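# Structural overview
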Amino acid sequence: EFELAGRSSYLRIDLDTILHNINTLREFCSKTTDVIAVIKANAYGHGSLEIARYLEANGISHFAVATAWEGAQLRQYGVKGYIQILGSCIKEDIHTACKFNLTPTICTADFLQAWSDWHLNQNKITGSVVIKFDTGMGRNGCQPTELNSLIQKCDDLKIAVHSVMTHFSQAWDDFIFTQQQLDTFLTATKDLRCRGIKVHAANSAAIIQGYGTDLDFVRPGICMYGLPPDPSTATVEKIKSLNLKPALSWLAKPTLVKLLPPGSYVGYDKTYQCKEEEIIGTFSIGYADGYRRLLSSGGGYLTSMDGTRFPIVGRVSMDAITVKLDSLDSQKVYYVMKNDYTSGHSLTKLAAELKTIPYEIATSLGQRLPRLYV
Ligand code: PLP
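Residue positions are counted from 1 within each chain, in the order its sequence is given. Two thresholds apply to this predicted model, a pLDDT of at least 70 for residue-level local features and 80 or more for giving and counting side-chain atom pairs, whereas whole-chain, interface and lining totals are computed over all residues. In computing side-chain properties, one takes all heavy atoms of the structure into account and sets aside hydrogens as well as water.

## Notes on helix 8 (residues 147-157)
- Think of it in three bands: with a 1.4 Å probe and only protein chains considered, a residue is buried below 20% of the maximum accessible area for its type, exposed above 50%, and partly exposed in between. Each helix is a run of DSSP H or I of at least 4 residues and each strand a run of E of at least 2, with the numbering of both proceeding from the N terminus. Within helix 8, the full set of buried residues consists of L147, L150, I151, C154 and L157. Take helix 8 and look down its axis: the buried residues cluster within an arc of 135°, on one side only. Of the exposed residues in helix 8, those oriented more than 90 degrees away from the buried face are N148 and D156.
- Any two residues having at least one pair of non-hydrogen atoms within 4.5 Å are treated as being in contact. If you follow the buried residues of helix 8, they end up packed against helix 7 (109-122), strand 7 (129-132), strand 8 (161-165) and helix 9 (175-194).
- Backbone geometry just after helix 8 places K158 at a positive phi near 60°. Think of the arc as the fan of directions from the helix axis to the C-beta atoms.

In structure tokens:
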């Protein structure tokens, strides 16, 4: 696999596991609910092109990205299905969205006017849009008082409304607020649903907690990759009990292993000094690959296949880490991140230790790390 990856460190991504996770999430939803697979930010670091292609070949026909540019890339790679741009679009996105047949998410009348004008100018049939309705995020999305006038504007301009959506802000643990958001959404969209306009709300956390799972679509992201929406023990236990599995592991073998005499310094700033003769392995991994500098001396460790932990010593640099090993074998393979929650450093554990969330760790995985799909 290292030869295939072309580097001594690579991400191993199990595509079947992603499909397994989607099917597991589907079990929470009603039979008529369809999945919009959220593959923005390079599919949360997992590689959106390969994942979209694989999912499309396995019956998934709806995708969501954050920007027009991300959607354009998918189209250029041959993805045929529905692609929604989740981030609120501005006028400057219209050209790219139309050229690549992407569905914009909108929340202003100005955008609708510009969308209509652009199509008139080009003599094209106006593409459909998704209207985003803010029920408590306080960022993109129209206010409750604006929804009906936006729908009216779509009717006036003959713009088809693909769907109306909202987004939950804390569905993993604030169930009162989530229910309020859902109630606000369902009340505001009641008449629209009677008119046949589709609606969707649920992200991963909402799906596994059972909010908005009987609407027309759900929009899972993080749980598709088998990662929890937050790294708290309760959420991790929930994910485990549902048999969702992380699809990604990060493997590495050293580029050099050497014996350093007592007193030798390791790495920038001389933050580590060998107390005795020590075996130090250098690995071609650095903060440019998304391995945080905060994991320098004492913070991080690699795990061998048998579960033994080996600490990072010295600073994490841009392209290298140094690890105190117990073997001079340079062919030995180690986990940098393991695809489970219990042994070694999983992505989720690292997120918790770094006081952040799995989303940030996953989306920071460096572009230059080879991704091997199995
Ligand atoms: N829907 C919207 C509008 C989003 O912005 C996101 C991601 O942030 C998702 C769905 C997917 O969320 P998650 O990864 O928590 O499932």
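## Brief notes about the sheet that holds strand 12 (residues 256-260)
- Whether two strands pair comes down to DSSP finding at least two bridges between them. In spatial order, the strands read 12-15-18; together these three strands make up an open sheet with antiparallel pairing. Because the sheet does not close on itself, it has two edges, and the strands there are strand 12 and strand 18 (321-325). Averaged over neighbouring strand pairs, the angle between their axes works out to 30° when direction is ignored.
- As paired elements, strand 15 (residues 278-283) and strand 18 share five bridges and run antiparallel to each other. Following the sheet pairing, I279 is matched in strand 18 by L325. Structural elements are reduced to axes, namely lines fitted to C-alpha atoms, with helices fitted over the stretch in contact, and the angle between N-to-C directions of any two is expressed from 0 to 180 degrees.

## Looking at the packing of helix 7 against helix 8
- Running from amino to carboxyl end, helix 7 crosses helix 8 at an angle of 15°, the nearest separation of the two axes being 10 Å. Relative to helix 8, the element helix 7 lies roughly parallel. Crossing of helix 7 against helix 8: the hand is right-handed. Only L150, K153, C154 and L157 of helix 8 make contact with helix 7, whose side of the interface consists of A109, L112, Q113 and S116. Angles are sorted into four bins: roughly parallel if under 35 degrees, roughly antiparallel if over 145, roughly perpendicular if 65 to 115, and oblique for all others. Each helix crossing is assigned a hand: it is left-handed if the near helix lies turned anticlockwise from the far helix by less than a right angle, otherwise right-handed if that turn is clockwise.

## What about the environment of L19?
- Examined against the element boundaries, L19 turns out to sit in helix 2 (residues 15-26).
- Residues L19 and N58, spaced 39 residues apart in sequence, show a C-alpha to C-alpha distance of 8.1 Å.

## Notes on the confidence of the model for the chain
- As a per-residue measure, pLDDT reflects the predictor's confidence and takes values from 0 up to 100. Averaged over every residue, the pLDDT of the chain is 95; the share at 70 or more is 99%.
- Quick note on the complex model: pTM equals 0.96, ipTM equals 0.99.

## Description of the site of the ligand
- Around the ligand sit 14 residues in total, of which K40, Y44, S204, I222 and Y359 are the nearest.
- N or O atoms within 3.5 Å of each other form a polar contact, as long as, within protein, one can give a hydrogen and the other can take it, and as long as residues adjacent in sequence are counted only when both atoms are side-chain atoms. Contacts to the ligand include Y44, whose side-chain N or O atom sits 2.6 Å from an oxygen atom.
- For the area figures, the Shrake-Rupley method with a 1.4 Å probe applies, and any residue is considered shielded solely by the protein chains shown. Considering the ligand on its own, with 390 Å² of exposed area, one finds that the protein chains cover 92% of that surface.
- Side-chain classes are defined by residue name, with Ala, Val, Leu, Ile, Met, Phe, Trp, Tyr, Cys and Pro counting as nonpolar, Asp, Glu, Lys and Arg as charged, and the others, Gly among them, as polar. Looking at the shell around the ligand residue by residue, the class counts come to seven nonpolar, four polar and three charged. Nearness here has a simple test: a residue counts as near a molecule or strand if at least one of its heavy atoms is within 4 Å of that partner.

## Concerning the pairing of strand 7
- On strand 7, burial covers both faces: V129 and I131 on one face and V130 and K132 on the other are all buried.
- Note that strand 6 (residues 103-106) and strand 7 share two bridges and pair parallel. Paired with T105 across the strands is V130, a residue of strand 7.
- Call a crossover right-handed when, viewed with both strands pointing away from you, the route from the first strand across the helix to the second goes clockwise. Handedness of the strand 6-helix 7-strand 7 crossover: right-handed.
- With four bridges connecting them, strand 7 and strand 8 associate as parallel partners. Residue pairing across strands places V130 opposite S163, the latter belonging to strand 8.

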